[in-house]
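What follows is the residue order along each chain.
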Amino acid sequence: MRNLLKLEEAALFLLSIYLFSTLDFAWWWFPALLLVPDIGMIGYLFNPKIGAIIYNLFHHRLVAAVVACYGLVFENEYWILAGLILFAHISLDRMMGYGLKFNDSFHHTHLGKIGKKR
């Protein structure tokens, strides 16, 4: 099952790349922005609860969908780009086993435990 889920995430990542290619941005914007959503980890400087809230905000597909839809409705390619980057980043993270975080620890995700103590 785990491999099937990783394959699904890979397909969504590739779809994000394709959809990005339909936008009017230079190709290098995609890799340059791909890790930006990890800014959400900054909340862990305060405590695990705040960290999980902020991290999950930047790694939730509903947020990505709202951002992308806003861009589509208002015909703004920058918002569409932001939504696609969020989708691509989330898929890449989930392919590697990083999921949404629980409040107790960065290592406790909805996909299971991550890290060396796994």
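This text goes with the structure placed above it.
Model, not experiment: these values are computed from the prediction.

Engineer: Help me out: how do you make sense of the pattern of salt bridges in this one?
Structural biologist: Pairing between side chains becomes possible if they bear opposite charge and their charged atoms approach one another. According to the stated counting rule, one finds one salt bridge in the structure shown. When the shortest N-O distance is used, the salt bridge between R61 and E9 registers 2.3 Å. Remark: E9 occurs in helix α1 (residues 2-21) and R61 occurs in helix α4 (residues 61-73); sequence separation between them is 52 residues. For R61, a relative accessible area of 23% translates into the label partly exposed. For E9, a relative accessible area of 8% puts it in the buried group.

Engineer: Got a minute to help me understand the nonpolar core in this structure?
Structural biologist: Note on soluble globular proteins: their nonpolar side chains tend to be buried together. Counting residues in hydrophobic clusters, the biggest one holds twelve residues: F13, F20, L23, F25, F30, L34, I80, L81, L84, I85, A88 and L92. Elements supplying a minimum of two residues to this core: α1 and α5 (77-95). Here this core gets six residues from one element, more than from any other, and that element is α5. Ignoring anything within four residues of it in the chain, the contact list for I80 reads L23, A68, G71 and L72.

Engineer: Would you mind showing me how to read a nonpolar patch on the surface here?
Structural biologist: A contiguous nonpolar patch, built from I39, I42, L45, F46, I50, L57 and F58 and spanning about 710 Å² of accessible area, is present on the exposed surface. Along the chain, the position of L57 falls in helix α3 (residues 48-58).

Engineer: What is the right way to read α5 from this model?
Structural biologist: Owing to its 3.6 residues per turn, the α-helix aligns residues three or four sequence positions apart on the same side. Compared with an ideal rise of 1.5 Å per residue, which puts 19 residues at 27 Å, α5 spans 27 Å between its outermost C-alpha atoms and is within 8% of the ideal. N-cap assignment for α5: the residue whose side-chain oxygen lies 2.9 Å from the backbone N of Y78 is N76. One or two positions beyond α5, positive phi appears at G97, with a value near 95°.

Engineer: Got a minute to help me understand the packing of aromatic side chains in this structure?
Structural biologist: Geometrically, a pair of aromatic rings is defined through the distance of the ring centres and the angle of the planes. Scanning all chains against the criterion turns up eight aromatic pairs. Here the aromatic rings of F20 and F30 are separated by 5.3 Å at their centres, their planes lie at 55°, and the arrangement is tilted. Here the residue F20 occupies a position in helix α1, and F30 occupies one in helix α2 (residues 29-33), the gap between them amounting to ten residues. There is no split in this pair, since F20 and F30 are both buried. An angle of 75° between the planes, with centres 5.4 Å apart, marks the rings of F25 and Y78 as edge-to-face. One end of the pair, F25, is in the loop between α1 and α2; the other, Y78, is in helix α5, with 53 residues separating them in the sequence. With a relative accessible area of 62%, Y78 lands in the exposed category. Stacked on the ring of F106, the Lys or Arg K101 has its end atom at 4.1 Å from the ring centre.

The rules behind the values
- Residues numbered from 1 in each chain as written.
- Predicted model: local features only at pLDDT ≥ 70, side-chain atom pairs only at ≥ 80, totals over all residues.
- Heavy atoms only, no water.
- Salt bridge = Lys/Arg side-chain N within 4 Å of Asp/Glu carboxyl O.
- Helix = DSSP H or I, 4+ residues; strand = E, 2+ residues; numbered from the N terminus.
- Buried < 20%, exposed > 50% of the residue type's maximum accessible area, 1.4 Å probe, protein only.
- Core = buried A, V, L, I, M, F, W, Y, C linked by side-chain atoms within 4.5 Å.
- Contact = heavy atoms within 4.5 Å.
- Patch = residues over 30% accessible without salt bridge, like charges linked within 9 Å, V, L, I, M, F, W, Y side chains within 5 Å.
- Areas by Shrake-Rupley, 256 points an atom, 1.4 Å probe, with all protein chains shown as cover.
- Expected span 1.5 Å × (residues − 1).
- Polar contact = N/O pair within 3.5 Å; in protein donor to acceptor, adjacent residues only side chain to side chain.
- Phe/Tyr/Trp six-rings, centres within 6.5 Å; stacked < 30°, edge-to-face > 60°.
- Lys NZ or Arg CZ within 6 Å of the ring centre and 35° of its normal.

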